[in-house]
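Next come the chains, spelled out residue by residue.
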Amino acid sequence: MDIAITLHVLATIVWIGGMLFAHFALRPAALALEAPQRLALWAGVFRRFFLWVWAAIAVLFVSGFWMVLVPFQGFVNVKLHVHLMLGIAVVMAVLFVYLFFVPYQHFRSATGSSDTARAAAALGSIRKIVSINLTLGIVTTIVGTAGAYWF
């Protein structure tokens, strides 16, 4: 159980911490760049970070299900906060899958063809989804860590 919890927390830090860094540190700093340089920067960031997000999602779901199914022998034996955590995590994962396969692919296509306007529009869509997922991730972290004391 201790290894599963550790992996779960580390994957959470990678995903939510990465979104927080990108939204509140990298994004404002990148605004100082001209559009072509800013879009090139984001292309490199996304290419690397999204690999980490895929890995984090896999680790989160595997470790989470392992913790529920092995020690607790199923969802019947866990508290409400675990169900809430899973529900929000599913929404976050679905949003990320959509982000990756729709706006991010539009972004890649637009940056590949040097269509700055279309790339900027796709970047705006990505930013909105990341903002939603960051909020959901913070809520999920609070529910996961403090929820046992509330419900």
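Above this text sits the structure in question.
Residues numbered from 1 in each chain as written. Predicted model: local features only at pLDDT ≥ 70, side-chain atom pairs only at ≥ 80, totals over all residues. Heavy atoms only, no water.

1. Brief notes about the packing of aromatic side chains
Describing an aromatic ring pair means giving the distance of the ring centres and the angle of the ring planes.
Reasoning step 1: Per the stated rule, a full pass over the model turns up 17 aromatic pairs.
Reasoning step 2: Consider the rings of F65 and F75, whose centres lie 5.8 Å apart with planes at 80 degrees: the pair is edge-to-face. Linking F65 in helix α2 (residues 35-69) with F75 in the loop between α2 and α3 (80-101), this pair joins segments that are 10 residues apart in sequence.
Reasoning step 3: With relative accessibility at 33%, the residue F65 sits in the partly exposed group.
Reasoning step 4: Each residue in the set W15, W42, F46, F49, F50, W54, F96, F100, F101, Y104 and F107 is aromatic and connected to the rest through ring pairs, giving one cluster. (Phe/Tyr/Trp six-rings, centres within 6.5 Å; stacked < 30°, edge-to-face > 60°. Helix = DSSP H or I, 4+ residues; strand = E, 2+ residues; numbered from the N terminus. Buried < 20%, exposed > 50% of the residue type's maximum accessible area, 1.4 Å probe, protein only.)

2. Focus on the packing of helix α4 (residues 103-112) against helix α5 (residues 116-150)
Reasoning step 1: Contact geometry of α4 with α5 gives a least axis separation of 8 Å together with a crossing angle of 155 degrees. Accordingly, the angle class assigned to the pair α4 and α5 is roughly antiparallel. When the axes of α4 and α5 are compared, the crossing they make is left-handed. Listed contacts from α5 to P103, Y104, H106, F107, S109, A110 and T111 of α4 are R118, A119, A122, L123, S125, I126 and I129.
Reasoning step 2: A class-by-class count of the residues in the contact of α4 with α5 yields nine nonpolar, four polar and one charged. (Axes fitted to C-alpha atoms, helices over the stretch in contact; angles between N-to-C directions. Parallel < 35°, antiparallel > 145°, perpendicular 65-115°, else oblique. Left-handed = near helix turned anticlockwise from the far one by under 90°. Contact = heavy atoms within 4.5 Å. Nonpolar A, V, L, I, M, F, W, Y, C, P; charged D, E, K, R; others polar.)

3. Quick notes on the environment of A119
Reasoning step 1: By the secondary structure assignment, A119 is in helix α5.
Reasoning step 2: Residue classification places A119 among the buried residues on the basis of a relative accessible area of 0%.
Reasoning step 3: Along the sequence, A119 and L86 sit 33 residues apart, while their C-alpha atoms lie 33 Å from each other.
Reasoning step 4: For A119, the residues in contact, after removing those within four places along its chain, are L39, F107, A110 and T111.

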